[in-house]
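Observations on the model geometry
So you can see what is in the structure, the chains are spelled out below.
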Amino acid sequence: MILKKMFIDGKWVDAKNGQTRTIINPFNQEEIATVAEGDQSDAIAAIVAARQAFDQGDWPNTPVTERASIVQKIAELIERDKEELAELESLDTGKTVEESRVDMDDIAGVFRYYAEIGDKNGGEIIPSPVPNSVSKVVHEPVGVCGQITPWNYPLLQASWKLAPALVTGNTLVMKPSEITPLTTVKVFELIEEAGVPAGVANLVLGAGHSVGAELSTNVDVDLISFTGGIETGKKIMQAASVNVKKIALELGGKNPNVVFSDADFETAVDQAMNAVFFHAGQICSAGTRLIIEESIHDEFVKALVERVKNIKLGSGFDEDTQMGPLISAEHLAKVESYVETGIKEGAKLVLGGKRPEDPALQNGFFYLPTIFTDCTTNMSIVQDEAFGPIITVEKFQTEEEAIKLANDSIYGLAGGVWTNDIVKAERCVAKMRMGTVWINEFNLYFPHAPWGGFKQSGIGRELGKLGLEEYTETKHIFHNLDPKPINWFGK
Ligand SMILES: NC(=O)c1ccc[n+]([C@@H]2O[C@H](COP(=O)([O-])OP(=O)(O)OC[C@H]3O[C@@H](n4cnc5c(N)ncnc54)[C@H](O)[C@@H]3O)[C@@H](O)[C@H]2O)c1
Ligand SMILES: C[N+](C)(C)CC=O
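Criteria and cut-off values
Residues numbered from 1 in each chain as written. Chains lettered and ligands numbered in written order. Predicted model: local features only at pLDDT ≥ 70, side-chain atom pairs only at ≥ 80, totals over all residues. Axes fitted to C-alpha atoms, helices over the stretch in contact; angles between N-to-C directions. Helix = DSSP H or I, 4+ residues; strand = E, 2+ residues; numbered from the N terminus. Parallel < 35°, antiparallel > 145°, perpendicular 65-115°, else oblique. Left-handed = near helix turned anticlockwise from the far one by under 90°. Contact = placed C-beta atoms within 7 Å. Nonpolar A, V, L, I, M, F, W, Y, C, P; charged D, E, K, R; others polar. Expected span 1.5 Å × (residues − 1). Bend = angle between axes of the 7 residues up to and from the residue. Buried ≥ 20, exposed ≤ 12 C-beta atoms within 10 Å, placed from the backbone. Core = buried A, V, L, I, M, F, W, Y, C linked by C-beta atoms within 7 Å. UniProt positions renumbered as here; feature names shortened; annotations may be inferred. Near = placed C-beta within 6 Å. Domains from an automatic or database assignment. Pairing = 2+ DSSP bridges.

A few words now on the packing of helix H2 (residues 64–80) against helix H4 (residues 97–117). At a closest axis distance of 8 Å, the pairing of H2 and H4 adopts a crossing angle of 165°. Relative to H4, H2 is oriented roughly antiparallel. Between H2 and H4 the crossing geometry is left-handed. Note on element contacts: H4 touches H2 through Met-104, Ile-107, Ala-108, Phe-111, Arg-112, Tyr-114 and Ala-115, opposite Ala-68, Val-71, Gln-72, Ile-74, Ala-75, Ile-78 and Glu-79. Partitioned by chemical class, the residues of the contact of H2 with H4 number 11 nonpolar, 1 polar and 2 charged.

Written as structure tokens, this is what we have:
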């Protein structure tokens, strides 16, 4: 099996310690790749390269139009290699190839978007209170950026960091999740092909506690951008305080999906199902907390169960598969334990709650789509992010109650409201404490709109103009065109 290497200072290298890691397919546990397993020393080498490329290299001062055309070239190369990338992503994560193809289109779109807006952040002249002077604000790259990504959308989450960092003139060290590094390795091949200079974009593979921890603590890293779980996010925030790094955190969610009785019933059922069971619920913005108006609750649950029980589990490479496996044995065990806790807490299991019995699925990390009713906000299955195919159903009688239930979470990533009453919809979303709220929609994101969380779902925003600004420092330049002594202390 070919060894996938790391990319440091423009060279493909093995881990200094010679270690490797085997990557397995979550569908059948077959080995799909061997990759270098770097550690702290490789992270330091990459940070040194990125620091030198920023402090002494040309990249930060390269005209933004030139950087943008390289970012545009990366988008074109991703489109050229879309099928290979999609298949790699599905091998690595278990998601369907159809889903991975959609991801690759989104990813190319993110690079295109930042190539387009990279030169639209040119700063401004501001009115100066001093005669004969010029006051202007400019935006400069932050410096060396550490970028850490999760396993559920490996390349998509990487693209949200790579594209804005590169176009704004930063240098970077990226660490993908150690269990799903393959598409990120491939994209670094494309970054090299597109002509990004040596040392500007570096890739280190390895575990969070070694490579990730070094990126978070090393004083030569100016910004750390992290997407992952809340507990890791807290550690990174603490570590980053060592040199008051800029931090951007995209953390978890426990997202409410509120359905009023006047919503379009069929659409709401269909989308409630999609909101949770797409990618086996391994989505930060999955609509795991279904909050239904009491008058339609029973009928809605019945219709949902009828639809969900037919979801076809299987290989992401089979055309009729609708849901793949979970990512790992550890994650499967975590999901199983959430379900056990839910039962103990008194939630009513109405579907799933176990692994499938189909012999063809026994080597994969599969779990059946699971529905709990009779849930209350004090239950841990309603509060904790299980990150699996589990939906909890709560009911409400009044709009106020619905909003209270929706907001009753430490998280604030995303949420949805289903109703045909546009005034009620606007009233509700105005009160929902989340970074993204959808009306008659769920789980939609696109490059132009910012993404990020309220409350403990994170700090900062990715995508949109704000996603570009995360990678810049703002500088005020004041120029006195007619300097004279002030004589405040006399002559
Ligand atoms: N808000 C968003 O946009 C968004 C998007 C995708 C995923 N997520 C969240 O990601 C989580 C799932 O991903 P995961 O299980 O890979 O998360 P995780 O926190 O376990 O790992 C994420 C990354 O952090 C690294 N890491 C682990 N320990 C570290 C440490 N001490 N220091 C530095 N890095 C460390 C890991 O190696 C990995 O690369 C879920 O909570 C999900 O909601 C959020
Ligand atoms: C941000 N998103 C929705 C693409 C992936 C979350 O896990």
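Moving on from the model shown.
Turning next to helix H10 (residues 294–308). Its 15 residues place the ends of H10 21 Å apart at the C-alpha level, agreeing with the 21 Å of an ideal helix rising 1.5 Å per residue. Remark: the principal bend of H10, roughly 25°, maps to Phe-300. For H10, the full list of buried residues reads Phe-300, Val-301, Leu-304 and Val-308. Against the buried residues of H10 lie strand E13 (256–259), helix H9 (265–277), strand E14 (289–293), strand E15 (348–351), strand E16 (370–373) and strand E17 (390–396).

Moving on to the nonpolar core. Ranked by internal contacts, the top residues of the largest apolar core, which has 79 residues, are Val-71 and Phe-111. Excluding its chain neighbours within four sequence positions, the residues that come into contact with Val-71 are Phe-111, Tyr-114, Ala-115, Gly-118, Ala-163, Leu-166 and Val-167. Counting 62 residues, the second largest nonpolar core, distinct from the first, contains Val-258, Ala-272, Val-417 and Met-432.

This next bit is on the UniProt feature "active site" (unreviewed entry) in the protein chain. The positions UniProt marks with the feature "active site" (unreviewed entry) are Glu-250. By the C-beta count within 10 Å, which is 27 here, Glu-250 ends up buried. Excluding residues within four positions of it along the chain, Glu-250 makes contact with Thr-227, Gly-452, Gly-458 and Glu-462.

Close to ligand 2 lie Asn-152, Tyr-153, Leu-156, Ile-283, Cys-284, Ser-285 and Tyr-445. Each residue belonging to the shell around ligand 2 can be placed in one class, and the counts come to 5 nonpolar, 2 polar and no charged. The residue makeup of the shell around ligand 2 includes at least three contributed by each of domain 1 (3–251 + 457–477) and domain 2 (256–439).

Before going further, it helps to examine the UniProt feature "domain: Aldehyde dehydrogenase" (unreviewed entry) in the protein chain. The positions that UniProt labels "domain: Aldehyde dehydrogenase" (unreviewed entry) are, in the present scheme, residues 12–477. The span residues 12–477 is 40% helix and 20% strand, and its two end C-alpha atoms sit 41 Å from each other.

Next up on the list: the sheet that holds strand E7 (residues 133–141). As summarised here, the arrangement of the 3 strands in space is E6-E7-E23, forming an open sheet in which the pairing is antiparallel. Sheet topology places strand E6 (124–126) and strand E23 (472–480) at the edges, where each strand pairs with a single neighbour. Shown here is a sheet whose adjacent strand axes are inclined to one another by a mean of 25°, direction ignored. Here E6 pairs with E7 via 3 bridges, running antiparallel. Paired with Ile-125 across the bridge in E7 is Lys-136.

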